[in-house]
Structure formats: C-alpha cells, structure tokens
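Summary of the model geometry
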Amino acid sequence: RLDEEMAKDISVKLREEIELTTPSVKGLSFLYSSYEPRCWWFEIFETVRRLILTAGVSFLDEKTGATILFSIIVCLVSMRVYAGYKPFLEDKTDRLAEMMQWQLLFTMIAALAMKANLTGETLQDKKYFDFLLVFLQFGAGSVVFLGTLRDKFKEMKEIRGKMKGKARRWSKNRVRSFGGGEGSGE
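Remember, predicted model here, so these are calculated numbers, not experimental data.

A separate point is the environment of Ala 66. Relative to the assigned elements, Ala 66 resides in helix H5 (residues 66-85). Separated by 49 residues in sequence, Ala 66 and Glu 17 place their C-alpha atoms 48 Å apart.

Time to look at the packing of helix H4 (residues 42-54) against H5. Viewed as axis vectors pointing N to C, H4 and H5 meet at an angle of 165°, and their least axial separation amounts to 10 Å. Regarding the angle of H4 to H5, the classification is roughly antiparallel. Crossing hand, H4 versus H5: left-handed. When H4 is examined against H5, the residues Phe 42, Phe 45, Glu 46, Arg 49, Ile 52 and Leu 53 are found in contact with a partner set consisting of Phe 70, Ser 71, Val 74, Ser 78, Val 81 and Tyr 82. Considering only residue class, the contact of H4 with H5 consists of eight nonpolar, two polar and two charged.

Glancing now at the packing of aromatic side chains. Aromatic rings considered in pairs are described by the distance between their centres and by the relative angle of their planes. A full pass over the atoms with the stated rule returns nine aromatic pairs. Ring plane angle 35° and centroid distance 5.1 Å describe the contact between Tyr 35 and Phe 88, whose orientation is recorded as tilted. Taken together, the positions of Tyr 35 in the loop between helix H3 (29-32) and H4 and Phe 88 in the loop between H5 and helix H6 (91-115) put the pair 53 residues apart, joining distant regions of the chain. Accessibility assignment for this pair places Tyr 35 and Phe 88 in one class, buried. Where Trp 41 meets Phe 42, the ring centres are 5.3 Å apart and the plane angle is 50°; that geometry is what we call tilted.

This part is about H6. Here H6 contains 25 residues, and its C-alpha end-to-end distance of 36 Å stays within 8% of the 36 Å for a straight helix at 1.5 Å per residue. Of the residues making up H6, those classed as buried are Asp 94, Ala 97, Gln 101, Gln 103, Leu 105, Met 108 and Ala 110.

So, about the side chain of Ser 71. The residue Ser 71 is located in helix H5 in this model. For Ser 71, a relative accessible area of 4% corresponds to the buried category.

So, on to unusual backbone geometry. Of note in the backbone geometry, Lys 86 takes a positive phi value of approximately 45° without being a glycine. Classification of Lys 86 as partly exposed rests on a relative accessible area of 39%.

Conventions adopted
- Numbers given for residues are sequential positions, taken from 1 along each chain in its written order.
- Selection of residues for local features in this predicted model requires a pLDDT of at least 70, selection of side-chain atom pairs for listing and counting requires 80 or more, and totals for whole chains, interfaces and linings are taken over all residues.
- Side-chain numbers here rest on the full set of heavy atoms in the structure, without hydrogens or water.
- Counting from the N terminus, the helices are DSSP H or I runs at least four residues long and the strands are E runs at least two residues long.
- Inter-axis angles, ranging from 0 to 180 degrees, are taken between N-to-C directions of lines fitted to C-alpha atoms, where helices are fitted over the stretch in contact.
- When an angle is under 35 degrees it counts as roughly parallel; over 145 it counts as roughly antiparallel; between 65 and 115 it counts as roughly perpendicular; any other value is oblique.
- Take the far helix as the reference: if the near one is turned anticlockwise from it by less than a right angle, the crossing is left-handed, and if turned clockwise, right-handed.
- Any two residues whose heavy atoms approach within 4.5 Å are treated as being in contact.
- Under the grouping applied here, Gly and all other residues not named as nonpolar or charged are polar, the nonpolar ones being Ala, Val, Leu, Ile, Met, Phe, Trp, Tyr, Cys and Pro and the charged ones Asp, Glu, Lys and Arg.
- Note on ring pairs: Phe, Tyr and Trp rings are taken, using the six-membered ring of Trp, and paired if centres are within 6.5 Å. Classes follow the plane angle, with under 30 degrees stacked, over 60 edge-to-face and the rest tilted.
- Only protein chains enter the area calculation, which uses a 1.4 Å probe; residues under 20% of their type maximum are buried, those over 50% are exposed, and those in between are partly exposed.
- One less than the residue count of a helix, multiplied by 1.5 Å, gives the span that helix is expected to have.

The structure is reproduced here in structure tokens:
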C-alpha cells in the first residue's frame, strides 16, 4: 500500500514518462506541471477565478458595494478550494498560494472599508485606518518573506552540518592514510 506522498511521486514520474513519449502532451505541460497530478484541472479553476474577479464584477453596479462583496465571496470560496486541495507539488507553494488568497481577501475588505464614508472621522481615526490598510497589504507578504528566510536558514544549517561531518571524516581518513593516528608511534 502506498502513502499519499509516494503515490504523488509515482504519478509525477508517470506524467513525465508520458510527456517524453507524447510531444503534444509535453507542449501543454506548462498548464499542469506545477500542480499535483490529482489537480490537473486547477489551472482551469484559476483562470475562471481570475476572470470572475476582473471581468465578472464589471456586470455589477460599481457605485455600490456589491462588486466588493461579490469579490469577497469569490475570495472566500477560492481560499477554501486552495486550502482543501493544496494543489501544488511543493508544500511551500501551497502555503504561499493560500497566504496570497488571504492577502486578496484583506485587499477586498480594505476596498470595502474605503468605500465607507470616512468624512465624520477624526484625523487620528483616519491615521489608524491608514496604518491598518498598510499593515494588511504588507503583513501577509512579510510573513511569507520571513518564513522563506527561516526555511533558507534551516537548509543552510543542515548543509553546513553535513559539510562539517564530511570534513571530519575526510580529515580522519587523511590522518590514517599518512600513518598518523593511534598506534603509529608518533
């Protein structure tokens, strides 16, 4: 019995073999190559989502908040799809995609808040509002950036540890090969 990760790896290998034998399939690989084989359809979903958020909202009255509310609903649905399916081959990419869906939702909430009438607000309240908008826009990206840095530092630490281990083994072998070490009389 295969676990989920092993099944994914085998499916990706089979997909690569099919691409090698069928040039017409290889020509379409840009549409599905970053997705897990079980989510071959995800680029279609992503294209429809983008069309709805750009062209679909143009059919609604822009003077009301209906376009923004509709966009928020689309964002929530797509966030759930991203979180439920985790369509990308790499877990990091899944996390990034989900974070960007949150970012889009925050952008829509900010747009809705900006649509609200702020004329009765004090100058201090407007500054708080502006600060929160900036935080919402850069907060998610900062979290992703810091997470990526953390992952890179972990990778570098692991590589450095492996290199130190290899260097120790190499130096021990060098000492033995030149007659140094225990029992050599030196």
